[in-house]
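Coordinates in review
These are the residues of each chain, in order.
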Amino acid sequence: MLVVPPGTRARARAETSRAILDEARRQLAEHGAAALSLRSVAREVGMVSSAVYRYVASRDELLTRLIVEAYDAVGERAEAARDPEAPAREQWRAVWRAVRAWAHEHPAEYALIYGSPVPGYAAPVETIPAAGRVGVVLAAIVVEHGDPSGVAPWPEVLRADVLPGLPPALSVPAVVAWTQLYGTVGFELFGQYENVVVDRDAYFDAVAAAAATSVGLPEKI
């Protein structure tokens, strides 16, 4: 009787799981998230449709895996871009640029996590830690360098535990800046700036600089 070593079995399972995710990502780029189908993914990786359920329980689980991977990927890019020894505004601009660069390299995945909701799908709580990684990087810069003294007051509209450690006066501006980042990238990526913004790089950096001012980052430090 042939005995398959446990390590070999685990590697084979990991390779099959990766093939499923890679094919799902390809179909996501070609057809969009709403059209993603486990049957179609199984067919393209050479599996019978019933076999794929040993690796992914449902279409929603497949979407969740893709979403977490995308959030982690852009989060890792943002974290790697930040140099804590650099001036505050350089750190801020580097993170913004990193998110923009990732989005241009992975437009379908950006649309999946920051675009329109997928009909019939509700993201589970397990996506939250990955979803917050970019925000955590930006918040860390504000915690270390933000000066609330010159920031106009905002109403207290956030949950108290959303951005722990951040001065209350900077919490809402930080969330606004986070929203500006995704909105600016999304508008560029999905064609909303056509015939409007002629120098996308300069415009993006200007928005980043304005957002940095809004959260109290000093001009030089």
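Reference entry: report on the structure contained in this document.

Let's talk about the environment of alanine 19
With respect to the secondary-structure elements, alanine 19 resides in helix α1 (residues 6–31). A relative accessible area of 32% means that alanine 19 is categorised as partly exposed.

Here we look at the environment of arginine 13
Along the chain, arginine 13 falls in helix α1. The exposure class assigned to arginine 13 is partly exposed, which follows from its relative accessible area of 40%. Taking the C-alpha atoms as reference, arginine 13 lies 17 Å from serine 58; in sequence the two are 45 residues apart. With near-sequence residues (within four places) excluded, arginine 13 lies in contact with Arg54 and Tyr55.

Some thoughts on the pattern of salt bridges
For the structure shown, the criterion picks out 18 salt bridges. Ionic pairing is found between arginine 18 and aspartate 22, a salt bridge with its closest N-O pair at 3.7 Å. In this pair, arginine 18 and aspartate 22 both sit in helix α1, four residues apart, roughly one turn of the helix. Ionic pairing is found between arginine 25 and glutamate 69, a salt bridge with its closest N-O pair at 2.5 Å. Residue arginine 25 is located in helix α1, and its partner glutamate 69 is located in helix α4 (residues 59–81); the two are separated by 44 residues in the primary sequence. In this structure glutamate 69 comes out as partly exposed when scored by relative accessible area, which is 26%. Taken together, the salt bridges that share partners define one network made up of Arg18, Asp22, Arg25, Glu69 and Glu109.

Scoring rules and cut-offs
Residues numbered from 1 in each chain as written. Predicted model: local features only at pLDDT ≥ 70, side-chain atom pairs only at ≥ 80, totals over all residues. Heavy atoms only, no water. Helix = DSSP H or I, 4+ residues; strand = E, 2+ residues; numbered from the N terminus. Buried < 20%, exposed > 50% of the residue type's maximum accessible area, 1.4 Å probe, protein only. Contact = heavy atoms within 4.5 Å. Salt bridge = Lys/Arg side-chain N within 4 Å of Asp/Glu carboxyl O.

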